[in-house]
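Given next are the chains, with one letter for each unit.
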Amino acid sequence: MKIDIVTIFPEMFQGPFGESIIKRAIEKELVEIKIHDLRNWSSDKRRTVDSSPYGGGAGMVMRVDIIDKAVTDLKREKSRVVLLDTKGQVFKQQKAKELAQVEQLILIAGHYEGVDHRIHEQVADEVISIGEFVLTGGELPAMVVVDSVVRLIPGVLGNQESLAEESYNQEGVVEYPQYTRPEEYKGWKVPEILLSGDHKKIREWRKKKY
Ligand SMILES: C[S@@+](CC[C@H](N)C(=O)[O-])C[C@H]1O[C@@H](n2cnc3c(N)ncnc32)[C@H](O)[C@@H]1O
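A few points on the structure. (Residues numbered from 1 in each chain as written. Predicted model: local features only at pLDDT ≥ 70, side-chain atom pairs only at ≥ 80, totals over all residues. Heavy atoms only, no water.)

1. So, the overall build of the protein chain
The helix and strand inventory of the protein chain stands at 8 helices and 9 strands. What you see for the protein chain is a C-alpha radius of gyration of 21 Å, clearly larger than the 17 Å of a compact globule of 210 residues, by over 25%. Seen through its principal axes, the protein chain has C-alpha atoms that stretch 70 × 40 × 30 Å. Taking all 210 residues of the protein chain together, the buried fraction comes to 40%. When the accessible area of the protein chain is evaluated, it comes to approximately 13100 Å², of which 48% is carbon and sulfur surface. The protein chain carries 31 positive and 34 negative side-chain charges, and their two centres are separated by 4 Å. (Helix = DSSP H or I, 4+ residues; strand = E, 2+ residues; numbered from the N terminus. Rg over C-alpha atoms; globule rule 2.2 N^0.38 Å. Buried < 20%, exposed > 50% of the residue type's maximum accessible area, 1.4 Å probe, protein only. Areas by Shrake-Rupley, 256 points an atom, 1.4 Å probe, with all protein chains shown as cover. Lys, Arg positive; Asp, Glu negative; His and termini not counted. Charge placed at Lys NZ, Arg CZ, Asp CG, Glu CD.)

2. Considering the site of the ligand
Near the ligand you find 19 residues, and of these Leu84, Thr86, Glu113, Phe133 and Leu135 are the closest. Measuring from a nitrogen atom of the ligand, one finds a backbone N or O atom of isoleucine 130 at 3.0 Å. Coverage of the ligand by the protein chains reaches 85% of its 590 Å² of free accessible surface. Put simply, the parts of the chain that give the shell around the ligand at least two residues each are β5 (79–90) and β7 (126–129). At 3 residues, β5 tops the list of elements feeding residues into the shell around the ligand. (Near = heavy atom within 4 Å. Polar contact = N/O pair within 3.5 Å; in protein donor to acceptor, adjacent residues only side chain to side chain.)

3. Observations concerning helix α6 (residues 139–150)
Taking 1.5 Å per residue as the helical rise, α6 with its 12 residues ought to reach 16 Å, and the 16 Å between its terminal C-alpha atoms agrees with that figure. When you tally the buried positions in α6, you get 9 out of 12 residues, the bulk of the element. Those residues of α6 that fall on the buried side of the exposure criterion are Glu139, Pro141, Ala142, Met143, Val145, Val146, Ser148, Val149 and Val150. (Expected span 1.5 Å × (residues − 1).)

This is the structure in structure tokens:
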């Protein structure tokens, strides 16, 4: 799978993509992630990517022509173009599963007051919000989407079976509570049933705890 991210803050991605599971997935060539500085598609000396909104109003809006040129250059034959935006459909595990199947995922991270609405209408295949709150930019939402998608690519997680039981594999269903050593700490005990060795009862208990 190839993931291309279009952003005006490419350096923000170095930390999260340089650690842990994502880092290993890149090293194992299970995913290729490229971060693109949108300003490379700007045509003026100051590398501007935004302008003031038609009709007036506060702040600046990211231009459709510059984002469209970037996406057109990056697009391969089979791609999914996703804009991260407050107006999008709220992101869920089912969507992460769907996106994990695509050959090329292009993520557009907005900034300022957002992007020209023609990007919603003409450039993006879909628009995703990561929740009903406002962040300063689409970079963190892009990282959230990438993290949740990459761990679903076959071979990325050591134990593929853990995916079947984890939260939201079935919509609205979360994983059972987990405990480990010590058996008792400050009088806080592990549920007896988990220490019983009776796997049938443990399975039933875990199901009830969903
Ligand atoms: C400051 S926000 C723009 C907010 C916009 N003026 C509004 O009121 O909806 C700038 C950028 O951050 C990103 N963003 C902020 N919150 C987001 C969220 N919950 N989900 C996805 N992207 C978000 C989008 O890319 C957006 O274009």
